[in-house]
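A look at the structure
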Amino acid sequence: MSIRDLLRHLPIERFRNPPPVVAVLRLNGVIGMRGRRGLSLAGKAGAIERAFRLGGLAAVALSINSPGGSPVQSALIYRRIRQLADEKNIPVFAFAEDVAASGGYWLALAGDEIFAENASILGSIGVVSAGFGFGELLRRIGVNRRLYTSGERKAMLDPFLAEDPKGIERLTALQRDIHGSFKDIVRLRRGARLKGDDETLFNGDIFTGRGALVRGLIDGIGDLRGTLRARFGDKVRLRVVDPEKRRFSFGLPWLARSRGEFATSPGELIGDLLATVEERLIWSRFGL
């Protein structure tokens, strides 16, 4: 018998009829991005487990603010949440903040119900790959590229080589495969609630919360606290699991690493700078 069960035998109303508890799990950042700010199953597994272990748990709420990222990490986080929700028979509510797009929307699909603000950005159900070509630059500065491989396609889409139609065709096939998996998850989780044909829903377009509601991508407009109080009563206890810690970093990750560690080599500094630029570019696609 748990302590919570024992307290119910005391002649005190708040112990006999404790308020329901909803665990709040924050899923913020670019999925798969290197460093502390990125989202990955390895970084969130402990928090997910703790969220489903809280006593008196009535539901788990996902607070999502993510422009997407790695489809693999999106799928892993989604699957872990659904596994625990099904095992413990706990409902999950997902709430989109500024953005729940691409992989961020994949995370939202872990919710039995999805909510957003009118101005939230959702959707982007598609796959994108981006890069640069440096072959012409190398020729202009007189640098010879020397690359040796074993395997016909080992150097596919190398940024220092000219584009190969076969490589592009292969990449397109991989994207179609990943896109197909994404669409399957959307159909599985949203089912008959979807409104619109595949060309409208799965062309990579983004929608405001209001537009997502019209298309059946979400279930309602509302914020986390207000929606959960309406569902479970004014006395519901919202327990934030693994809250984010503020760090004095000026937005530059190498000035405040996890555990107070600092980058010690030029390579680490450059890697962190590039990661920051990449993260900024991903967010800027959604006007943020």
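Residues numbered from 1 in each chain as written. Predicted model: local features only at pLDDT ≥ 70, side-chain atom pairs only at ≥ 80, totals over all residues. Heavy atoms only, no water.

Examining the overall build of the protein
If you tally the helices and strands in the protein, you get eleven helices and eight strands. Counting over 288 residues, the protein shows a buried share of 39%. Long-range contacts, defined as pairs at least 24 residues apart, comprise 69% of the intrachain contacts of the protein with a sequence gap of at least 6. For the protein, the accessible surface area stands at approximately 17,000 Å², while carbon and sulfur atoms represent 53% of it. (Helix = DSSP H or I, 4+ residues; strand = E, 2+ residues; numbered from the N terminus. Buried < 20%, exposed > 50% of the residue type's maximum accessible area, 1.4 Å probe, protein only. Contact = heavy atoms within 4.5 Å. Areas by Shrake-Rupley, 256 points an atom, 1.4 Å probe, with all protein chains shown as cover.)

Overview of the environment of valine 186
Relative to the helices and strands, valine 186 is located in helix 7 (residues 165-190). By relative accessible area, valine 186 is classed as buried at 0%. When the C-alpha positions of valine 186 and isoleucine 125 are compared, they lie 8.8 Å apart, and in sequence the two are 61 residues distant. Excluding its chain neighbours within four sequence positions, the residues that come into contact with valine 186 are Tyr105, Leu109, Ile125, Gly191, Leu194 and Phe202.

Considering a negative patch on the surface
A surface patch of negative charge is lined by Glu97, Asp98, Glu117 and Asp223. Within the fold, aspartate 98 resides in strand 3 (residues 92-101). (Patch = residues over 30% accessible without salt bridge, like charges linked within 9 Å, V, L, I, M, F, W, Y side chains within 5 Å. Salt bridge = Lys/Arg side-chain N within 4 Å of Asp/Glu carboxyl O. Lys, Arg positive; Asp, Glu negative; His and termini not counted. Charge placed at Lys NZ, Arg CZ, Asp CG, Glu CD.)

Some remarks on helix 4 (residues 71-88)
Its 18 residues give helix 4 an end-to-end C-alpha distance of 26 Å, which sits within 8% of 26 Å, the value for a rise of 1.5 Å per residue. Residues of helix 4 that are buried include every one of Gln73, Ser74, Ala75, Ile77, Tyr78, Ile81, Arg82, Leu84 and Ala85, and no others. The backbone nitrogen of valine 72 lies 3.3 Å from a side-chain oxygen of the residue at the head of helix 4, namely serine 70. Just downstream of helix 4 lies asparagine 89, where phi reads positive at about 55 degrees. (Expected span 1.5 Å × (residues − 1). Polar contact = N/O pair within 3.5 Å; in protein donor to acceptor, adjacent residues only side chain to side chain.)

With respect to helix 10 (residues 224-232)
Within helix 10 the residues assigned to the buried category are Leu224, Thr227 and Leu228. The buried residues of helix 10 occupy one face: seen down the axis, they fall within an arc of 95 degrees. By the N-cap criterion, in which a side-chain oxygen at the helix start approaches the backbone nitrogen of a residue two or three places on, helix 10 is capped by aspartate 223, the distance to arginine 225 being 3.3 Å. Remark: glycine 233 follows helix 10 within two positions and exhibits a positive phi of approximately 100 degrees. (Arc of directions from axis to C-beta.)

So, the packing of helix 3 (residues 41-51) against helix 4
One way to put it is that helix 3 packs onto helix 4 with a least axis distance of 10 Å and a crossing angle of 15 degrees. Accordingly, the angle class assigned to the pair helix 3 and helix 4 is roughly parallel. When you trace helix 3 past helix 4, the crossing you get is right-handed. For the pair helix 3 and helix 4, contact is made by Leu41, Ala45, Ile48 and Glu49 and by Gln73, Leu76, Ile77, Arg80, Ile81 and Leu84, respectively. Partitioning the contact of helix 3 with helix 4 into residue classes produces seven nonpolar, one polar and two charged. (Axes fitted to C-alpha atoms, helices over the stretch in contact; angles between N-to-C directions. Parallel < 35°, antiparallel > 145°, perpendicular 65-115°, else oblique. Left-handed = near helix turned anticlockwise from the far one by under 90°. Nonpolar A, V, L, I, M, F, W, Y, C, P; charged D, E, K, R; others polar.)

A closer look at the pattern of salt bridges
This structure, assessed with the given rule, holds ten salt bridges. One salt bridge connects arginine 80 with glutamate 49, and the closest N-O pair in it is separated by 3.5 Å. Residue arginine 80 is located in helix 4, and its partner glutamate 49 is located in helix 3; the two are separated by 31 residues in the primary sequence. What makes arginine 80 partly exposed here is its relative accessible area of 24%. Glutamate 113 serves as the salt-bridge partner of arginine 231, at 3.0 Å between the closest nitrogen and oxygen. Separated by 118 residues along the polypeptide, arginine 231 in helix 10 and glutamate 113 in strand 4 (residues 113-116) bring together distant segments of the chain. Its relative accessible area of 24% is what places glutamate 113 among the partly exposed residues.

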